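A look at the structure
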Amino acid sequence: MKITMIGTGYVGLVTGTCLAEVGNDVVCLDVDAHKIGVLQDGGVPIHEPGLEPMIRRNVSAGRLHFTTDIDAAVGYATVQFIAVGTPPDDDGSADMKYVLQAARDIGRRITQWTLIVDKSTVPVGTADRVRAAIGEELAARGVDVPYAVASNPEFLKEGAAIDDFMKPDRVVIGADDERAIAILRNVYAPFQRNRERLLVMDVRSAELTKYAANAMLATRISFMNELANLAERLGADIESVRQGIGSDPRIGWHFLYPGVGYGGSCFPKDVKALRHTADRAGAPLQVLAAVEAANDAQKHVLVDKIVAHFGNDLSGRRFALWGLAFKPNTDDMREAPSRVIVETLARRGASICAYDPVAMAEARRTMGSMPALTFAANPMAACEGADALVVVTEWKEFRSPDFDALRRHLKAPLIFDGRNLYEPDVVRAAGFRHFSIGRG
């Protein structure tokens, strides 16, 4: 099958590459000439485990192509996926200009029946707007070309996106056109050979499903963070509580780890957008208002612990910071808790030396103008002469450090553990003072 993927951001690039991996011929379109140039030269503009070799393999096989030519991309296939960004607008709503521009670009060029698939995370009702935008362009051309619009939201975790796409828990299809449903069944058939994973529903339900899933996961994170803060006040251990509630099959184990708040390109944006949608519909989601407020507060919890130990004025203090990306296995710095922590420490007069296995280039781009922030070549180098270690992202390489070497590098044996990476008894036995999230 020939497929056009409009947008080579995180979703579009992973989706297009995985579709090519199972034998489809895919053209990925983007208006960003620099990004397309990087891809055409064999580079990858994002960090995602397994993505680079898969791109290289499918480009070599002639199944995956990258272009800025809109005419060529729209003319290439009768299945057009829209996977462009939907950044938050000033009022918290999703900015739809890129999605609607893609729809207009399609409407100005299609000459035969075409299926347009919304892959971007979009508000309920977007398919109607995409359908209308295409219809307006066809009317302006004075032609009557048949087309269908479907919703196919993505459920990819950064850092595990290849596995998520190749071995999906579910594939949600929102459509009312039987031909469109049949085509999408064919597209996803290679990914569900051992059991049916396709969930077909109406378009609006599919659009809401994506927002509801992310909002539910964000809710679990904020609830656990608030429970951890309470456990600390009560003298309980949140790790014991986590095991006690996670063993209940009605609750399960996922997204029950307390920390310094969620970030990234999805949860913050999607919680805001769903709240905005609910407010406009006259059904405010009060739970999500609390989720968002709790998350904003949680990003300051670690700094509050630092201030409680050192005092309000941190002038002359130097902190080692392990982890910049909002989660492991990605270089995504969007809404990362590290940004709030670094900025707050710097405002109080501290300097920060940071290390991250893959996100330092992105951190330099987004935070490099801060005089108080420097970067280290390795974790121990960041700790040299620091007043304390601050752990912000739970990268695997941080899980079992050489505590003797760490103590020699630090000015004082202090660890502020924002991800509860270390067992308190183990760290204390190694001679450290250990400040965690909800572990007493």
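Our subject is the structure that appears above.
On to helix 3 (residues 51–60). If you check which residues of helix 3 are buried, you get L51, M54, I55 and N58. Taken down its axis, helix 3 places every buried residue within 100° of arc, on the same side. Buried residues along helix 3 sit against helix 1 (10–21), helix 2 (33–40), strand 3 (64–67) and helix 7 (161–166). Of the residues one or two after helix 3, G62 is the one with positive phi, at around 80°.

Here we take up the packing of helix 11 (residues 267–280) against helix 12 (residues 286–298). Where helix 11 contacts helix 12, the axes come no closer than 10 Å and their chain directions differ by 150°. Taken together, the axes of helix 11 and helix 12 are roughly antiparallel relative to one another. Note that helix 11 runs across helix 12; the crossing there is left-handed. Seen from helix 11, the contacting residues are V271, K272, L274 and R275; seen from helix 12, they are L288, A289 and E292. When its residues are assigned to classes, the contact of helix 11 with helix 12 shows four nonpolar, no polar and three charged.

Our next topic: the packing of helix 13 (residues 301–310) against helix 14 (residues 337–347). Close contact between helix 13 and helix 14 brings their axes to 9 Å; oriented N to C, the two are set at 30°. Judged by the angle between their axes, helix 13 and helix 14 are roughly parallel. Read as a crossing pair, helix 13 and helix 14 show a hand that is right-handed. Mapping the contact onto sequence places L302, V303 and I306 in helix 13 and I341, T344 and L345 in helix 14. Along the lines of polarity and charge, the residues of the contact of helix 13 with helix 14 split into five nonpolar, one polar and no charged.

One pass over the structure, following the stated rule, counts twelve aromatic pairs. Centre to centre, the rings of F310 and F319 are 5.4 Å apart; their planes meet at 80°, and the pair counts as edge-to-face. On the basis of relative accessibility, which here comes to 17%, the residue F310 falls in the buried class. Each residue in the set F310, F319, F416 and F435 is aromatic and connected to the rest through ring pairs, giving one cluster.

Rolled over the atoms, a probe as big as a water molecule pinpoints where empty space is left. Using the criterion set out here, one finds one cavity of 30 Å³ or more in the structure. By volume, the largest cavity is sized at about 40 Å³. It is helix 9 (residues 203–234) that provides the largest number of residues to the lining of the largest cavity, a total of three residues. Considered class by class, the residues forming the lining of the largest cavity number three nonpolar, three polar and three charged.

Glancing now at the layout of surface pockets. Here the second largest pocket defines a volume of roughly 1300 Å³. Forming the boundary of the second largest pocket are 47 residues, of which G9, Y10, K35, G85 and R334 lie nearest the centre. Secondary-structure elements contributing two or more residues to the lining of the second largest pocket are helix 1, helix 4 (70–76), helix 5 (97–107), helix 11 and helix 15 (360–367). Of the residues forming the lining of the second largest pocket, the biggest block, four residues, is contributed by helix 5. Grouping the amino acids of the lining of the second largest pocket by side-chain chemistry returns 18 nonpolar, 13 polar and 16 charged.

What follows concerns the pairing of strand 5 (residues 114–118). Across the five residues of strand 5, five count as buried, placing the element largely inside the fold. The alternating pattern of strand 5 places T114, I116 and D118 and L115 and V117 on opposite faces, both of which are buried. Examined bridge by bridge, strand 4 (residues 79–82) and strand 5 share four bridges and lie parallel to one another. By the bridge assignment for strand 5, V79 is matched with L115. As judged from the five bridges shared by strand 5 and strand 6 (residues 147–151), these two strands associate in the parallel manner. Among the inter-strand pairings, T114 is bridged to a residue of strand 6, identified as Y147. Crossover connection from strand 5 via helix 6 (residues 126–141) to parallel strand 6: handedness right-handed.

Following the sequence through the fold, A363 ends up in helix 15. We classify A363 as buried; its relative accessible area is 0%. Separated by 90 residues in the primary sequence, A363 and A273 have C-alpha atoms spaced 26 Å apart.

Let us look at the sheet that holds strand 13 (residues 414–417). Taken in spatial order, the six strands make up an open sheet running 11-10-9-12-13-14, and their pairing is parallel. At either margin of the open sheet sits one strand with a lone partner, and together these are strand 11 (373–375) and strand 14 (433–435). Pairs of neighbouring strands in the sheet enclose a mean axial angle of 25°, with direction left out of account. Pairing analysis gives four bridges linking strand 9 (residues 318–322) to strand 12 (residues 388–391), with the strands arranged parallel. Across the sheet, A320 pairs through a bridge with L389, a residue of strand 12.

Scoring rules and cut-offs
Residues numbered from 1 in each chain as written. Predicted model: local features only at pLDDT ≥ 70, side-chain atom pairs only at ≥ 80, totals over all residues. Heavy atoms only, no water. Buried < 20%, exposed > 50% of the residue type's maximum accessible area, 1.4 Å probe, protein only. Helix = DSSP H or I, 4+ residues; strand = E, 2+ residues; numbered from the N terminus. Arc of directions from axis to C-beta. Contact = heavy atoms within 4.5 Å. Axes fitted to C-alpha atoms, helices over the stretch in contact; angles between N-to-C directions. Parallel < 35°, antiparallel > 145°, perpendicular 65-115°, else oblique. Left-handed = near helix turned anticlockwise from the far one by under 90°. Nonpolar A, V, L, I, M, F, W, Y, C, P; charged D, E, K, R; others polar. Phe/Tyr/Trp six-rings, centres within 6.5 Å; stacked < 30°, edge-to-face > 60°. 1 Å grid on protein atoms, 1.4 Å probe; cavity = no way out; pocket = protein on both sides within 12 Å on 5 of 7 lines; lining within 4 Å. Points joined across faces, edges and corners; volume = space filled by probe spheres on them. Pairing = 2+ DSSP bridges. Right-handed = clockwise from strand over helix to strand, strands pointing away.

Structural measurements only, silent on function.
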